[in-house]
Amino acid sequence: MKRTNISSGSPYEPMVGYSRAVRVGAFVHVAGTTAFGADGKIVGVGDAYLQAAQALRNIEAALGRAGARMSDVVRTRMFVTNIADWEKIGRAHGEVFGKIRPAATMVEVKGFVAPEMLVEIEAEAILADE
């Protein structure tokens, strides 16, 4: 099967040795994605909802570069620094996936590489027509 690595251009990718997304056959795996904007800065500092929404937009862009759509997503994992924000993060997730309803997990973590990051989301997609 052909493997395609998709980069977001993040400086962390070559330093750490990962890709924003990897497609192998009909499977697309999107790495943990935060709320970075086009300017490389975190969107929604201090606001878990805005960060989750931006992370999901970034995931959608990565999926698109891999030939997939949000409707192809079968699994998400949400990592959050404050589980008390679950409703805000869940609302952003539900606005995107309310009808798609992938398997999903949300867990609290101690922190991320930048202290202003509140949310990181992973996604897995399967292109059913492949």
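Located above this text is the structure these notes cover.
Computed from a predicted structure; not experimentally measured.

### Here we look at the overall build of the chain
Thought 1: Tallying secondary structure elements over the chain gives three helices and six strands in all.
Thought 2: Scaling as 2.2 N^0.38, a compact globule of 130 residues should have a C-alpha radius of gyration of about 14 Å, and the chain matches this with 14 Å.
Thought 3: With respect to the three principal axes, the spread of C-alpha positions in the chain is 40 × 35 × 25 Å.
Thought 4: Residues classed as buried in the chain amount to 42% of the 130 residues present.
Thought 5: If you take every contact in the chain between residues at least 6 apart in sequence, the share linking residues at least 24 apart comes to 65%.
Thought 6: Accessible area of the chain: about 7,300 Å², with a carbon and sulfur share of 54%.
Thought 7: Once the 15 positive and 15 negative side-chain charges of the chain are each reduced to a mean point, those two points are 3 Å apart.

### Quick look at the pattern of salt bridges
Thought 1: Per the stated rule, a full pass over the model turns up five salt bridges.
Thought 2: For R91, the salt bridge goes to E95, with nearest N and O atoms at 3.9 Å. With a gap of four residues between them, R91 and E95 both fall in helix α3 (residues 86-97), about one helical turn apart.
Thought 3: Classification of R91 by relative accessible area gives partly exposed; the value is 45%.
Thought 4: One connected set of salt bridges, linked through shared partners, spans R77, E122 and E124.

Thresholds, definitions, all that
- Residues numbered from 1 in each chain as written.
- Predicted model: local features only at pLDDT ≥ 70, side-chain atom pairs only at ≥ 80, totals over all residues.
- Heavy atoms only, no water.
- Helix = DSSP H or I, 4+ residues; strand = E, 2+ residues; numbered from the N terminus.
- Rg over C-alpha atoms; globule rule 2.2 N^0.38 Å.
- Buried < 20%, exposed > 50% of the residue type's maximum accessible area, 1.4 Å probe, protein only.
- Contact = heavy atoms within 4.5 Å.
- Areas by Shrake-Rupley, 256 points an atom, 1.4 Å probe, with all protein chains shown as cover.
- Lys, Arg positive; Asp, Glu negative; His and termini not counted.
- Charge placed at Lys NZ, Arg CZ, Asp CG, Glu CD.
- Salt bridge = Lys/Arg side-chain N within 4 Å of Asp/Glu carboxyl O.

The quantities given are spatial measurements derived from coordinates; they are silent on function.
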